[in-house]
Amino acid sequence: MNVLIKILAHRLFALAVLVGVGVWLLVVPSFTGRLGANPLEKLLHQSGEIAIWALGAVLALSPLRVLFPQSRIVAALNRHRRMIGVTACIYGLLHFGFHVLYEGGWDGLVRSLSKPFIWFGLTGLTILVILAATSNQLSIQALGGKNWKLLHRLAYIAAALLIYHQSIAGKGHWFVARWLLFPLLAVQLARVAKTFLLRKPRRLNYPAVYGVLSSPP
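Residues numbered from 1 in each chain as written. Predicted model: local features only at pLDDT ≥ 70, side-chain atom pairs only at ≥ 80, totals over all residues. Heavy atoms only, no water.

S.K.: Just to check I follow, could you spell out the overall build of the protein for this structure?
M.R.: Scanning the protein for helices and strands turns up twelve helices and zero strands. Ordered by position from the N terminus, the helices and strands of the protein form the series α-α-α-α-α-α-α-α-α-α-α-α. At 23 Å, the protein has a C-alpha radius of gyration far larger than the 17 Å of a compact globule built from 217 residues. With the C-alpha coordinates of the protein rotated into their principal frame, the extents come out at 90 × 50 × 40 Å. Going through the 217 residues of the protein one by one, you find that 34% of them count as buried. Contacts in the protein between residues far apart in sequence, at least 24 positions, make up 68% of those at least 6 positions apart. If you sum the accessible surface of the protein, you get close to 14100 Å²; carbon and sulfur atoms cover 70% of it. (Helix = DSSP H or I, 4+ residues; strand = E, 2+ residues; numbered from the N terminus. Rg over C-alpha atoms; globule rule 2.2 N^0.38 Å. Buried < 20%, exposed > 50% of the residue type's maximum accessible area, 1.4 Å probe, protein only. Contact = heavy atoms within 4.5 Å. Areas by Shrake-Rupley, 256 points an atom, 1.4 Å probe, with all protein chains shown as cover.)

Now the structure itself:
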């Protein structure tokens, strides 16, 4: 068990998984002809799904740490939250690049802006770029810990925008998006419920209250 924890907590393990997913789903199919009749469209969809699932993983790790505070596996995986978040941004940028190619260049991109789901995707991706650019110690020191945390809570807004972007992108996409949305909502609600239930009730200082509201006997 200790060996497994050490492997899961190692940065090379996280890097291998995050890069390996892209290699397995994007690079290997490109060189083996397994992208179907429209390779560019397949790459577009695959890169977008990797990005949004990586973002979902980041947002799920914090609630899991609250729900399972004694789990060493959850603690080990939480060490990679920043790396996973940056990876979500990188795959999102790849997705954007494939979209530009799919539309035939920048002119095609401008024409595609008439579609509402494109704006949701671009807004979500912009947030991811901002969060990735500030995912470093220099930004934490410049912004201050409290402001930095407030800024990075925009990840929840980015997730909502990107899930909606995926849901309305085309026929059948909602079927995929809901497999991320509902589990993510479930763990977030479970965290809120546990935090609320474990909150200690405020104790009243009865002697003090008695002294203020009543005169001594």
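S.K.: Just checking my understanding: could you explain the nonpolar core for this structure?
M.R.: Generally speaking, nonpolar side chains in soluble globular proteins are found buried as a group. The biggest cluster of nonpolar side chains holds 26 residues, and the ones touching the most others in it are Leu-55, Leu-59, Ile-84 and Leu-128. Tallying contributions element by element places helix H3 (residues 39-67) first for this core, with seven residues. Once residues within four sequence positions are removed from consideration, Leu-59 is found in contact with Ala-155, Tyr-156, Ala-159, Leu-184 and Gln-188. By size, the runner-up hydrophobic cluster in this structure holds eight residues, among which are Leu-35, Leu-43, Leu-44 and Ala-51. (Core = buried A, V, L, I, M, F, W, Y, C linked by side-chain atoms within 4.5 Å.)

S.K.: Would you explain the packing of H3 against helix H5 (residues 81-102) in this entry?
M.R.: For any two helices packed against each other, the geometry is given by the interaxial angle and the distance between the axes. Where H3 meets H5, the closest approach of the two axes is 8 Å, and the angle between their N-to-C directions is 160°. Here H3 lies roughly antiparallel to H5, going by the angle between them. Every pair of crossing elements has a handedness; the one defined by H3 and H5 is left-handed. Counted by class, the contact of H3 with H5 contains 17 nonpolar, seven polar and two charged residues. (Axes fitted to C-alpha atoms, helices over the stretch in contact; angles between N-to-C directions. Parallel < 35°, antiparallel > 145°, perpendicular 65-115°, else oblique. Left-handed = near helix turned anticlockwise from the far one by under 90°. Nonpolar A, V, L, I, M, F, W, Y, C, P; charged D, E, K, R; others polar.)

S.K.: So what exactly am I meant to see when it comes to the confidence of the model for the protein here?
M.R.: The predicted coordinates ought not to be read in detail in places where the model reports low pLDDT. Looking at the protein as a whole, its pLDDT mean stands at 88, while 91% of the residues score no less than 70. Low pLDDT, under 50, characterises residues 206-217; the stretch is placed with two contacts to residues that sit more than four places away or in other chains. (pLDDT = per-residue confidence, 0-100.)

S.K.: So what exactly am I meant to see when it comes to helix H1 (residues 2-9) here?
M.R.: Residues lying three or four places apart along an α-helix face the same way, a consequence of the helix completing one turn every 3.6 residues. Buried residues of H1: Ile-5, Leu-8 and Ala-9, and no others. Buried residues in H1, looked at end-on, bunch into an arc of 95°, giving them a common side. Away from the buried face of H1 by more than 90 degrees, exposed residues Val-3 and Lys-6 are located. In this fold, the buried residues of H1 make contact with helix H2 (11-32) and helix H4 (72-78). (Arc of directions from axis to C-beta.)

S.K.: Would you mind going over helix H11 (residues 173-197) with me for this structure?
M.R.: The terminal C-alpha atoms of H11, which comprises 25 residues, lie 36 Å apart, in line with the 36 Å expected from a rise of 1.5 Å per residue. Every buried residue of H11 is listed here: His-173, Ala-177, Leu-180, Leu-184, Val-187 and Gln-188. On the buried face of H11, the contacting elements are H3 and helix H10 (154-167). (Expected span 1.5 Å × (residues − 1).)

S.K.: What should I look at first to understand the packing of aromatic side chains in this one?
M.R.: Pairs of aromatic rings are described using the distance from one ring centre to the other and the angle between the two planes. Taken as a whole and assessed by the stated rule, the structure comprises two aromatic pairs. Taken together, a centroid distance of 6.2 Å and an interplanar angle of 50° make the contact between Phe-96 and Trp-106 tilted. In this pair, Phe-96 sits in helix H5 while Trp-106 sits in helix H6 (residues 106-112), placing the two residues ten residues apart along the sequence. Here Trp-106 falls in the exposed class, since its relative accessible area comes to 57%. Judged by centre distance (4.8 Å) and plane angle (75°), the rings of Phe-120 and Tyr-164 are edge-to-face. With Phe-120 in helix H7 (residues 116-133) and Tyr-164 in helix H10, this pair connects stretches of sequence that are 44 residues apart. (Phe/Tyr/Trp six-rings, centres within 6.5 Å; stacked < 30°, edge-to-face > 60°.)

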